[in-house]
Amino acid sequence: MKTLSLKRLSVLALPLAALSGLGTAAHAQEWTPTRSIEFIAPANPGGGWDTLVRTVSRVLQEENLAEQNFAAINVPGGGGAVAWAQVARDSGNPHKLFATSPPIILVPLAGASRYDHSDFTPVARLITDYSIVLVAADSEYQSINDLFDALKENPRLSIGGGSAPGSMDHIAIAGVAAAAGMDAASVNYVPFSGGGDAMTNLMGGHIEAVVTGAGEAVGQLGEGSQLRALGVSSPERLGGGLEDVPTYQEQGVDYTFDIWRGVMGAPDMPEEAVAYYEELFAEMLETDGWERARDQLGWIDAYQNSEEFGAFLDEQQEQFSGVLRELGLIAQ
Amino acid sequence: MTRLNTNQWLALVLALVAGGYLAMAWQIPTFPLPRPIDSDLFPKVLGFTLLLLAVCLFFETPSAAGAEEAEEEPATSPLFSPWGRVIVTAVAVAAYALLLVPAGFVLASTLLGAGLTAFYGYRRHVINLVTVLGVVLALYLTMTRVMDVYLPTGVLPF
Amino acid sequence: MDALNNLMYGFGIALEPINIAYVFAGVFAGTIIGMLPGLGPISALALMIPITFAMEPSSGLILMAGVYYGAIFGGSTSSILLNAPGVAGTVATSFDGYPMAKKGMAGKALAIAAYASFIGGTVSVVFLMLVAPLLSKVAVSFGPPEYFALMVLGLTAVVSLSDKSLVKGLIAAVVGIMISIVGIDLQTGTERYTFGSIQLLDGIDFLVVALGIFALAEVFYMLLRGGGGKEAPRNAIGSLKLSRSEVKEIAGPISRSSVLGFFTGVLPGAGATIGSFLGYSMEKRLAKDGDTFGQGNIKGVAAPESANNAACTGSFVPLLTLGVPGSGTTAVLLGALLVMGVNPGPMMLEQRPDVFWGVIASMYIGNIFLLVLNLPLIPLIAKILDMPKPLLLSLILIFCMIGVYGMSFSVFDLLLLLGFGLLGLGMRLFGFPAAPLILALILGNIMEESMRRALQISGGDWSIFIDKPISLALLVLAVLSLGLPLLKKRRKRAV
């Protein structure tokens, strides 16, 4: 009953404060949403963004954390560009959030979106996944260096990935190849329509190796599996079914790559609103409901608040455009 | 100069389309990494195929079915003529698309459905309204409440 | 009799009261989702993940699988009655189903669809049970060159789908491939024919085109031809009963298409839509009265309906035995399984036999439920056609709009839908067949992608398409299927 009465009190207190014109600063920090929050997944139901949006909405609701309902809305199109254009028009709106990940940097770099991460308000980074390189179980390659040595000899060897050239999987493999002293552009990256598609082709022996998200690959690894992992892009070994997979760094290739996911808001979102959401998400990550969902989905917590997230995004943009330049996919 | 038959007219239009398509195919940028087949090859092949087919069509004698014309009914006004009905419907659909978000799903759909039904000549307006509203509401509630799909609410409160 | 033991074990799970309830709920929800255009099985399943979150994995998969094959089962209804395909897999059903409905044989068309779906579904479950582990090898043996050859074989059906004028059919097919090319080219990330619009970056959705060219164009056409409310109401439904000769007539197509559909479904990426098209065009070529396909031939309903349901079951092979999704829908199912803590894949048979055999057994039950549920509903649902025509026409319009908007949430797509409706009307007035366009739209993009992928793997060497035995065999079949009808025609003329 305590929370209820407190809430009632604050309802009474708000108009009072407005009347007296007092404590604008104090109350500004206690901004709360006044209507339900539009939480946009810039894609169709079923993908990574959609899963994040729906899981977050559900956990927030189950744990009774948010004052207002988080309404999951799908705005698919253009690999996110349609949703970004829509949010960008809604400057200053504190009730509009969207799920985000590396494409917010990669799609604009490819020239397919007028808006990039700097047009929006970073709210928080929530989780991360890593990139992993797979080969067939009976392949002769035992380490990531074996694969690169073979590539140096025969640049025609094809490495499949689940996305178009210049997007996540390609950057991930090109980056680690460059770090291993190869010419990034010489990797024969073959794009498939998804990580699953690429892995099927690997099982069939149509390609030499696959680069995809570790979360997507974990189900394919383990005893009796037809596939084997050569390395993962995390700074330390991962847990669960991936504890036997060495990192690139362990194998002497100094390279890490994050497939992070987070939340951003409309441009110029008021600071008080950002503070509210930052805290809300930080609190959510501590709940049991989140822990359960996170473990089942194979996510790894990687919280950053708004400021850290913003700086991280700038860094990422620099890193990505470096790789893309090396590939010759963007002008020098 | 003999009068062109239907197929010949169609062939000319298609040839124009193919020409425009090909012009755009040449503007597709080259991919910086070497690829055996770049993005522009398929469009170019398609454009030329369409051009070739247009030529074939030009010399094909039109079948009876190809040239069938709408039997004009005696209409009271051009609006209610067969073509009038098609044009009004197309305009209504376009208006619906543009009004959907501002007016909301339920209102826009009911207006479109009931309006067109009346326009097509159905005179029992109560049945019309009740049926359309019933179907629209049923769909709306299934989508938003059961399936959790967001549809624009617009001016109505729910 | 290992399979039998396993199946008994599976039935032990599927026959638990709670699981029977889930099968029923799944196929019931699926039927309704399938009937409504726009709410396809993909989004329905994605939206169900939170519900299954806390369930026993076998129950969760039983429920979700029921929604999936239930939707394919139910999707035929709107294809037949309204010419508005409810899900992509039932587009081919409208080719003959809708003409049948127009001839006053809606009841028979729906009944055939139900029987064909039931048989296709059940036959393919038997296959799934007996040979799933073996088939996983077949599924992965299809790489880019094999897919290219398969798509070429599929595209040869354009010839048989364009009845009056081959030139016009080919033009429609070329336009179909042109539409499939719009958007970002996956092989290079380059934009093609997007006219600078971000809405077109992801390409044009198949259902927007299908609903426009079939349903919307049909509304326009009826406005143009039939007049408004002046037409006398037709005796819409007709009898549900099939005569003995009709049963004989569709037995062959159903059994052939069930097998063909199942194997198409097993191939990742092919799925129910391509399966139904292949079944349809195969039967059209085999039938003595092939030229009446498209005008309400019962075989033209039986073939695609058994093929799409069989393909739907077939798509569980790569999902359950390899852990890789073969279609958008099974990708969502895979996600759901992972959430429930099950890792589908080669180890699943040993680690979670309850899920594997439970689902298979539940599919037998589900298919029976679907038949029992759908048959009595037919006269009821077919009553839609008794509605005054002005009302029916505007409701079809609303259905199309909701279908498209509920799928893409995009006003732009609604305008595209209108554009394709007008294109479809034009095509009808000038005698261009719509089926080749739709077929090419489905196959064109996969054909281009797999061809370029294959050549990138081979380093530009074209011999990859004939060095691989499966690819070579498919290409030879393609040449034969092009050559034979032409020979047949020539012989006919000579006689």
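Calculation notes
- Residues numbered from 1 in each chain as written.
- Chains lettered and ligands numbered in written order.
- Predicted model: local features only at pLDDT ≥ 70, side-chain atom pairs only at ≥ 80, totals over all residues.
- Helix = DSSP H or I, 4+ residues; strand = E, 2+ residues; numbered from the N terminus.
- Rg over C-alpha atoms; globule rule 2.2 N^0.38 Å.
- Buried ≥ 20, exposed ≤ 12 C-beta atoms within 10 Å, placed from the backbone.
- Contact = placed C-beta atoms within 7 Å.
- Core = buried A, V, L, I, M, F, W, Y, C linked by C-beta atoms within 7 Å.
- Expected span 1.5 Å × (residues − 1).
- Bend = angle between axes of the 7 residues up to and from the residue.
- Domains from an automatic or database assignment.
- pLDDT = per-residue confidence, 0-100.
- Axes fitted to C-alpha atoms, helices over the stretch in contact; angles between N-to-C directions.
- Left-handed = near helix turned anticlockwise from the far one by under 90°.
- Nonpolar A, V, L, I, M, F, W, Y, C, P; charged D, E, K, R; others polar.
- Pairing = 2+ DSSP bridges.
- Right-handed = clockwise from strand over helix to strand, strands pointing away.
- Parallel < 35°, antiparallel > 145°, perpendicular 65-115°, else oblique.

A.B. asks: How should I be thinking about the overall build of chain C in this particular structure?
C.D. replies: The secondary structure content of chain C amounts to 22 helices and two strands. Since a compact globule built from 495 residues should have a radius of gyration of about 23 Å, the 22 Å found for chain C is in line with a globular shape. On the principal axes, the C-alpha backbone points of chain C span a range of 60 × 60 × 55 Å. Expressed as a percentage of its 495 residues, the buried residues of chain C come to 67%.

A.B. asks: What exactly am I supposed to notice about the overall build of chain B here?
C.D. replies: Along chain B, the regular secondary structure elements total five helices and zero strands. Sequence-ordered secondary structure for chain B, helices as α and strands as β, is α-α-α-α-α. The buried share among the 158 residues of chain B stands at 30%. Of the contacts made within chain B by residues no fewer than 6 positions apart, 57% connect residues no fewer than 24 positions apart.

A.B. asks: Even after reading the chapter, I still don't get the nonpolar core, so can you show me in this structure?
C.D. replies: In summary, soluble globular proteins display a tendency toward joint burial of nonpolar side chains. Counting residues in hydrophobic clusters, the biggest one holds 330 residues, and the most contacted among them are Leu134(A), Leu45(C), Ala106(C), Ile171(C), Leu211(C), Ile396(C) and Cys400(C). The biggest single contributor to this core is helix 6 (residues 106-141) of chain C, with 19 residues. The contact partners of Ile171(C), leaving out residues within four places of it in the chain, are Leu14(B), Leu50(B), Leu53(B), Leu57(B) and Phe432(C).

A.B. asks: Is there a simple way to think about helix 17 (residues 353-382) of chain C in this case?
C.D. replies: Note that an α-helix has 3.6 residues per turn; residues three or four places apart therefore point the same way. Over its 30 residues, helix 17 of chain C extends 42 Å from the first C-alpha to the last, a length consistent with the 44 Å expected when each residue adds 1.5 Å. Along helix 17 of chain C, the sharpest change in direction is near 40 degrees and occurs at Pro376(C).

A.B. asks: What am I meant to see in the domain arrangement of chain B here?
C.D. replies: Put simply, an interface is often sized by how much accessible area is lost when its parts join up. Each assigned domain of chain B is listed with its residue range as follows: domain 1 (6-64) and domain 2 (78-146). Computed over C-alpha atoms only, the centres of domain 1 of chain B and domain 2 of chain B are separated by 38 Å.

A.B. asks: Looking at this structure, how should I read the confidence of the model for chain B?
C.D. replies: Detailed conclusions should not be drawn from predicted coordinates in areas where pLDDT is low. Residues and elements named next belong to chain B. Averaged over every residue, the pLDDT of chain B is 85; the share at 70 or more is 87%. Helix 2 (residues 41-58) holds the highest mean pLDDT among the elements of chain B, 95, whereas helix 5 (residues 125-146) holds the lowest, 87. Below pLDDT 50 for its whole length, residues 65-72 participates in 11 contacts with residues either more than four positions away or in separate chains.

A.B. asks: Any chance you could explain the environment of Gln296(A) here in plain terms?
C.D. replies: Here Gln296(A) lies in helix 11 (residues 288-297). Gln296(A) gets classed as partly exposed once you count the C-beta atoms within 10 Å, which come to 14. Ignoring sequence-local partners within four residues, the contact set of Gln296(A) consists of Val339(C) and Gly341(C).

A.B. asks: Would you mind going over the packing of helix 5 (residues 91-102) of chain C against helix 13 (residues 299-314) of chain C with me for this structure?
C.D. replies: To characterise two packed helices, one gives the angle between the axes of the helices and the distance between these axes. All names here are of chain C. Relative to each other, helix 5 and helix 13 sit at 145 degrees, their axes nearing to 8 Å. Helix 13 is crossed by helix 5, and the crossing has left-handed handedness. Across from Ala92, Thr93, Phe95, Asp96, Gly97 and Met100 in helix 5, the residues of helix 13 making contact are Gly300, Val301, Pro304 and Glu305. Classifying every residue of the contact of helix 5 with helix 13 by side-chain character gives five nonpolar, three polar and two charged.

A.B. asks: Help me out: how do you make sense of the pairing of strand 5 (residues 158-161) of chain A in this one?
C.D. replies: Residues and elements named next belong to chain A. Of the two faces of strand 5, the one carrying Ser158 and Gly160 and the one carrying Ile159 and Gly161 are both buried. Examined bridge by bridge, strand 5 and strand 6 (residues 188-191) share four bridges and lie parallel to one another. Counted as the bridge partner of Ser158 is Asn188 from strand 6. As a crossover connection, the stretch from strand 5 through helix 7 (residues 168-179) into strand 6 is right-handed.

A.B. asks: Quick question: what am I supposed to make of the environment of Gly104(C) here?
C.D. replies: Residues and elements named next belong to chain C. Inspection of the secondary structure puts Gly104 in the loop between helix 5 and helix 6. By C-beta crowding, Gly104 is classed as partly exposed, having 16 other C-beta atoms within 10 Å. Distance in space between the C-alpha atoms of Gly104 and Phe28 is 27 Å, their sequence separation being 76 residues.

A.B. asks: Whenever I open this one, the environment of Gly212(C) confuses me. Can you help?
C.D. replies: Residues and elements named next belong to chain C. Relative to the assigned elements, Gly212 resides in helix 10 (residues 206-225). Each C-alpha atom, one on Gly212 and one on Leu414, is 9.5 Å from the other, the two residues being 202 residues apart in sequence. With residues near it in sequence (within four places) discarded, Gly212 still touches Ala217, Leu417, Phe420, Gly421 and Gly424.

A.B. asks: Just to check I follow, could you spell out unusual backbone geometry for this structure?
C.D. replies: Glycine aside, the phi torsion of most residues is negative, and most peptide linkages are trans. All names here are of chain A. Even without being glycine, Asp268 reaches a positive phi, approximately 50 degrees. Mapping Asp268 onto the fold places it in the loop between strand 9 (258-265) and helix 10 (271-285). A count of 14 C-beta atoms within 10 Å places Asp268 in the partly exposed class.

A.B. asks: Help me out: how do you make sense of the confidence of the model for chain C in this one?
C.D. replies: Considering every residue of chain C, the mean pLDDT works out to 86; 95% of them sit at 70 or more. At the level of chain-chain contacts, confidence expressed as ipTM amounts to 0.90, with global pTM at 0.85.

A.B. asks: So what exactly am I meant to see when it comes to the packing of helix 11 (residues 244-266) of chain C against helix 13 of chain C here?
C.D. replies: All names here are of chain C. As a packed pair, helix 11 and helix 13 sit with axes 7 Å apart at the nearest point and diverge in direction by 30 degrees. Here helix 11 is positioned roughly parallel relative to helix 13, judged by the angle of their axes. Pair helix 11 / helix 13 crosses with right-handed handedness. Among the residues making up the contact of helix 11 with helix 13, the classes are represented as 13 nonpolar, nine polar and two charged.

A.B. asks: Just to check I follow, could you spell out the interface of chain B and chain C for this structure?
C.D. replies: Between chain B and chain C, the residue contacts involve 57 residues of the former and 49 residues of the latter. For the side of chain B that touches chain C, the element with the most residues is helix 3 (residues 82-103) of chain B, which contributes 13 residues. Considering only residue class, the side of chain B that touches chain C consists of 39 nonpolar, 12 polar and six charged.

A.B. asks: It is not clear to me how the pairing of strand 2 (residues 70-74) of chain A should be interpreted in this structure. Could you clarify?
C.D. replies: Moving residue by residue along a regular strand, the side chains alternate between the two faces of the sheet. Residue and element names in this part refer to chain A. What you see with strand 2 is a clean split: Phe70, Ala72 and Asn74 sit on the buried side and Ala71 and Ile73 on the side with no burial. As paired elements, strand 1 (residues 37-41) and strand 2 share five bridges and run parallel to each other. Within the sheet, the bridge partner assigned to Ile37 lies in strand 2 and is Phe70.

A.B. asks: Just to check I follow, could you spell out helix 3 (residues 48-62) of chain A for this structure?
C.D. replies: All names here are of chain A. Along its 15 residues, helix 3 runs 21 Å from first to last C-alpha, staying within 8% of the 21 Å computed at 1.5 Å per residue. A large share of helix 3 lies buried, amounting to 12 of its 15 residues. One or two positions beyond helix 3, positive phi appears at Asn64, with a value near 55 degrees.

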